[in-house]
Amino acid sequence: MSLPKTLLNLLSHHFSTAATTAKRLPKVPNVPTKYKSEALNQAQKVLTDYLHTTRSLPYTYAEHISNHSLFSLSNLVKNIPYSAPNFSRSFQRFLRYHPINEFEFFFESIGIHHTQLSHFLPTNKFFLSEDQTVLEAACVLSAFGFPWNMLGKLYREEHCIFRESCNELKGRLSGFKECGWSNLSVVGMCLAFPMLLRVDGEFSGEVVGLLDDLKRVFVEFDIANSVEGNVDTWYGVCRMVRVFYDLGVEKGKVGELLGRKKDVFLQHSEEVLVEKVNYFCRLGVRKEDVGLLILQRPEVLSLELEKPVISTMGLLRHLGLDENELKEVSRKYSYVMGRNRMVNVPHLMRALDLHVWFFTRIKDEHQLLGSYVLSDSDEDDVKKEFSSGFEQLQSCRTPVHAMKKLDFMHSIGFGENPLTLKVLTRIHGRSCELQKRFDILLNAGLEFSQLCLIISTTPKILNQNPEYLEAKIIFLCGEMKSSLKYFNVFPAFLCFDLENRIKPRYRFYAWLQEKGLHPEGYSFATMIATSEKRFVAQAFTIHPAAPKHWFECFLI
């Protein structure tokens, strides 16, 4: 049975590229704007004739190359003085005396972006006749039904495909047809999974699982009977399947789960699917678990997770935390209290160290997010305290800059509360710079909740140069042989100068320990945090000769 008409329309809408906007024509400074389109059309015809007549390429493929290489073509046109009546002849004359790098035009025509061409051009080769295998492979694939300007997808992922002989490629393509696949389905599958064209001999278990998934999806979605002659639809469905493979879901399981609730998946585009995947991946849970959540609970694709405003306490109560647990959260994580947006909830839960619990709750009862409603009475006291400070923020000299910094704070889980505003006044830099510094610390191994807690007490760590942050962490874990838990005790470590403060004082500290002079209760944190004058005075109380040794051996 074919798909219902409504679902068919959705399928065509989501996966067809027919409605995509046309590419903007490249700049050609030497051609008046009103003649640019005409000049490029003439140049395409001349180039087609040149490739076919002079370079002996089959006309169809010469036309493909010239029609899909606008940027390379425009770079040629820039070298030719423009004259409306004589432009074609001028361009012909130019090509006669200036051989072109045919690989540049070829790779752009098959879909390699013009800014990336230099990464793909062969060394010391300019003519396609110098490497016939690449062109012949493209011709075989095009003749089978692959859109010429999409072959770049294959080349980027599996360039070895274009090193195969024509007979080998034809054999593999025929093998798919002998298994019952149509040309369109093979094209869609291979564009989404180029690995299928490089399989040698018998299919591996992984490939068998992939093909089984695709067969189930194609049969359940009934694409063959619903859409005729549309490669984009086949390719789009395969891309949706690939989203789950990229998350780590085992091949062979996706097809059945997709097919069970096909109507839900057909109501949403790949863009919506990726958006929801990214949302739940921000929880820091296993990507495979995110994939299984969406396969088993595809209704989450319909949730509005961008704009709704939430109250931290209200949402936690709605999700099932009891009053004692809420009091503990409020005491320990005061910086997340107040309101925030639903889009920031994944990082908010990580800031609370409740991300695993939250994900489990959504897996068990996915409707909890959709049924949450913000109450006007939620955290009224916090809201009033925040409002007065927020008004001052909006009236500052750079309100746009300040609001972007506030958005950054909300994005990492800080709520609308006075503590967030206090932190905001002590951090400096644009929001993108703050995000980079935050990511450096996170990627170094600090737990999300640990990092947010440190920022709430020592905001100035976000004012440090990213390179200096990395260097300090390397020194802490390397020479000092300490762990990142040290920041729980002394987060200000990251605020001191590494070369002029941390390194020399630590080495002096290590020398004191080695000589048995280290006094009880004199911590390294105290040693770093004290001024130079007090530090020297303290060294003198440890041993009268210690300051002399400090100045001679450790002070930079």
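**Student:** Sorry if this is basic, but what is going on with the overall build of the protein chain here?
**Tutor:** Counting secondary structure elements, the protein chain contains 33 helices and two strands. On C-alpha atoms alone, the protein chain measures out to a radius of gyration of 32 Å, which is more than a quarter above the 24 Å that the 2.2 N^0.38 rule sets for 556 residues. Along the longest, intermediate and shortest principal axes, the C-alpha atoms of the protein chain span 95 × 60 × 55 Å. By residue count, 49% of the 556 residues in the protein chain fall in the buried class.

**Student:** What exactly am I supposed to notice about helix H16 (residues 270-281) here?
**Tutor:** For an α-helix, the turn length of 3.6 residues means that residues three or four places apart are oriented alike. Look at H16: 16 Å from first C-alpha to last across twelve residues, which is about the 16 Å you get at 1.5 Å a residue. The secondary structure elements touched by the buried residues of H16 are helix H13 (231-246), helix H17 (287-296), helix H20 (345-351) and helix H21 (355-364).

**Student:** Could you clarify how one ought to interpret helix H18 (residues 312-319) in this entry?
**Tutor:** Of all eight residues in H18, six are buried; the element is thus mostly enclosed. For H18, the complete set of buried residues consists of Thr312, Met313, Gly314, Leu315, Leu316 and Leu319. Elements that come into contact with the buried residues of H18 comprise strand E1 (309-311), helix H19 (323-332), H20, H21 and helix H22 (367-371).

**Student:** Which parts of the structure should I look at to understand the packing of aromatic side chains?
**Tutor:** The geometry of two aromatic rings is summed up by the distance between their centres and the angle between their planes. Applying the stated criterion across every chain, the model contains 33 aromatic pairs. With centroids separated by 6.0 Å and ring planes inclined at 50 degrees, the aromatic side chains of Phe487 and Phe493 adopt a geometry described as tilted. What makes Phe487 buried here is its relative accessible area of 0%. Accessibility expressed as a relative area gives 0% for Phe493, which makes it buried. Both rings, one in Tyr506 and one in Tyr509, keep their centres 6.4 Å apart while their planes meet at 35 degrees; by these two values the pair is tilted. One end of the pair, Tyr506, and the other, Tyr509, are both in helix H30 (residues 498-514), three residues apart, so they sit about a helical turn from each other. For Tyr506, a relative accessible area of 14% puts it in the buried group.

**Student:** Explain the nonpolar core to me, please; I cannot follow it from the model alone.
**Tutor:** One recurring pattern in soluble globular proteins is that nonpolar side chains are buried together. Counting residues in hydrophobic clusters, the biggest one holds 182 residues, and the most contacted among them are Phe146, Met349 and Phe493. Tallying contributions element by element places H13 first for this core, with ten residues. Ignoring sequence-local partners within four residues, the contact set of Phe493 consists of Lys472, Leu476, Met480, Tyr486, Phe487, Ile502, Phe524 and Ile528.

**Student:** What is the right way to look at the pattern of salt bridges in this model?
**Tutor:** Between side chains of opposite charge, pairing is possible as soon as their charged atoms come close. Evaluation of the coordinates by the stated rule reveals 22 salt bridges. Measuring nitrogen to oxygen at the nearest pair gives 2.9 Å for the salt bridge that ties Lys261 to Glu299. Here the residue Lys261 occupies a position in the loop between helix H14 (254-260) and helix H15 (262-266), and Glu299 occupies one in the loop between H17 and E1, the gap between them amounting to 38 residues. A relative accessible area of 26% means that Glu299 is categorised as partly exposed. For Glu532, the salt bridge is made with Arg505, and the minimal N-O distance between the two is 2.9 Å. Of the two residues, Glu532 sits in helix H32 (residues 532-542) while Arg505 sits in helix H30, which places them 27 residues apart along the sequence. A network of salt bridges, in which partner residues are shared, links Glu157, Arg242 and Asp246.

**Student:** Before we go on, may I ask you to explain unusual backbone geometry in this structure?
**Tutor:** Both trends apply: most residues other than glycine have a negative phi, and most peptide bonds are in trans. Residues other than glycine seldom take positive phi values, yet Asn124 does so here, at roughly 60 degrees. One non-glycine residue, Lys481, adopts positive backbone phi at about 55 degrees. By the secondary structure assignment, Lys481 is in the loop between helix H28 (466-477) and helix H29 (486-489). By relative accessible area, Lys481 is classed as exposed at 70%.

Calculation notes
- Residues numbered from 1 in each chain as written.
- Predicted model: local features only at pLDDT ≥ 70, side-chain atom pairs only at ≥ 80, totals over all residues.
- Heavy atoms only, no water.
- Helix = DSSP H or I, 4+ residues; strand = E, 2+ residues; numbered from the N terminus.
- Rg over C-alpha atoms; globule rule 2.2 N^0.38 Å.
- Buried < 20%, exposed > 50% of the residue type's maximum accessible area, 1.4 Å probe, protein only.
- Expected span 1.5 Å × (residues − 1).
- Contact = heavy atoms within 4.5 Å.
- Phe/Tyr/Trp six-rings, centres within 6.5 Å; stacked < 30°, edge-to-face > 60°.
- Core = buried A, V, L, I, M, F, W, Y, C linked by side-chain atoms within 4.5 Å.
- Salt bridge = Lys/Arg side-chain N within 4 Å of Asp/Glu carboxyl O.

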